[in-house]
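# Inside the fold
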Amino acid sequence: MATLTDLTSGGTILPITRWGTPVMHAKTRPVTEYGDELHRLIRDMFATMRAADGVGLAATQVGIDLSVFVYDCPDDDHQRQVGVFCNPEVTLPEGKDRVLETEEEGCLSLPGAYVELARPDQATCHGQDAFGQDQELVGTGLLSRCLQHETDHLFGTVFGDRLSGRLRKKLYRRHEELSDEYPADWPVSPRQDS
């Protein structure tokens, strides 16, 4: 029987789907089968995320409308967290427990561009693991941002949707400045430094 560690290696690097592609802006289908097909996708997603130097990757970002994301991301204590969420739901603190952190955020599907976005500094993610077992993870720091960002993808939301018009224009302008560095099949073909 495969383990999570088995699923984090041996995959094939896939091209990353860009913002504007319909799959990036639609709600995904729930994961209902936890077998070889899903596990092959997860291996490929880990390979793709690592090739792109990302900390998280949703299935929509490799063109698949399935509710699954992978992550390899440090938390607020700099502890590396690695895993898979299927059918995730994120719960955020409310009232006096809600503390916003404004940090630069980017997306592998709009490569090279970053802009500041305020998000809650803690997020609790519920869902299933790669084998269909229920799980919960409390994320802090960058991991909190990652859990929110990747879950958003599975509901058809890109982080640009959470920005003001002014910041969204700044983000797109930055992406345009760097777009020649990222081949259409990136990260299958590496970034071309200009």
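Scroll up to find the structure this text is about.
Heads up: these notes are all about the structure in this document. By convention here, each chain's residues receive numbers from 1 onward along its written sequence. This being a predicted model, a pLDDT of at least 70 is required before a residue's local features are given, and a value of 80 or more before pairs of side-chain atoms are given or counted; all residues contribute to the totals for chains, interfaces and linings. Where side-chain values are given, they derive from all heavy atoms of the structure, hydrogens and water being excluded.

### A few points about the sheet that holds strand β6 (residues 122-128)
Within a sheet, each strand pairs with its neighbour through backbone hydrogen bonds, oriented either parallel or antiparallel. Here, strands pair whenever DSSP counts at least two bridges between them. Helix and strand definitions follow DSSP, with helices as H or I runs of at least four residues and strands as E runs of at least two, each counted in order from the N terminus. The 5 strands lie next to each other as β1-β2-β3-β6-β7, forming an open sheet whose pairing is antiparallel. Both outer strands of the open sheet, β1 (56-58) and β7 (134-140), are each paired with one neighbouring strand and no more. Averaged over all adjacent pairs, the angle separating strand axes in this sheet is 35 degrees, with direction ignored. Where strand β3 (residues 80-91) meets β6, 4 bridges bridge the pair, whose relative direction is antiparallel. Residue pairing across strands places Thr91 opposite Thr124, the latter belonging to β6. Against the sheet, helix α2 (residues 36-51) makes contact with β1, β2 (68-74) and β3, and its axis sits at roughly 40 degrees relative to β2, the strand it touches most. Its contacts with the sheet place helix α3 (residues 141-154) against β1, β2, β3, β6 and β7, and it is angled at close to 165 degrees to β2. Lines fitted to the C-alpha atoms define the axes, with helices restricted to the stretch that makes contact. Angles between their N-to-C directions range from 0 to 180 degrees. In what follows, residue pairs with any heavy atoms lying within 4.5 Å of each other are defined as contacts.

### Things to note about the packing of aromatic side chains
To pair, rings of Phe, Tyr and Trp, with the six-membered ring standing in for Trp, must have centres within 6.5 Å; the planes then decide the type, stacked if under 30 degrees apart, edge-to-face if over 60, and tilted in the middle. This model, assessed by the stated rule, comprises 6 aromatic pairs. With a centroid separation of 4.9 Å and 85 degrees between ring planes, the pair formed by Tyr182 and Trp186 is classed as edge-to-face. The cut-offs for exposure are 20% and 50% of the maximum accessible area for each residue type, with area from a 1.4 Å probe on protein chains only; residues under the lower value are buried, those over the upper are exposed, and the others partly exposed. When its relative accessible area of 10% is taken as the criterion, Tyr182 is described as buried. Using a relative accessible area of 6% as the deciding quantity, one classes Trp186 as buried. Among the aromatic residues, those joined into a ring-pair cluster are Trp19, Phe159 and Tyr172.

### Some words on the pairing of β2
The buried fraction of β2 is high, at 6 of 7 residues. Pairing between β1 and β2: 3 bridges, direction antiparallel. If you follow Gly56 over to β2, its bridge partner there is Tyr71. In the sheet, β2 pairs with β3 via 7 bridges, with the strands oriented antiparallel. By the bridge assignment for β3, Val68 is matched with Cys86.

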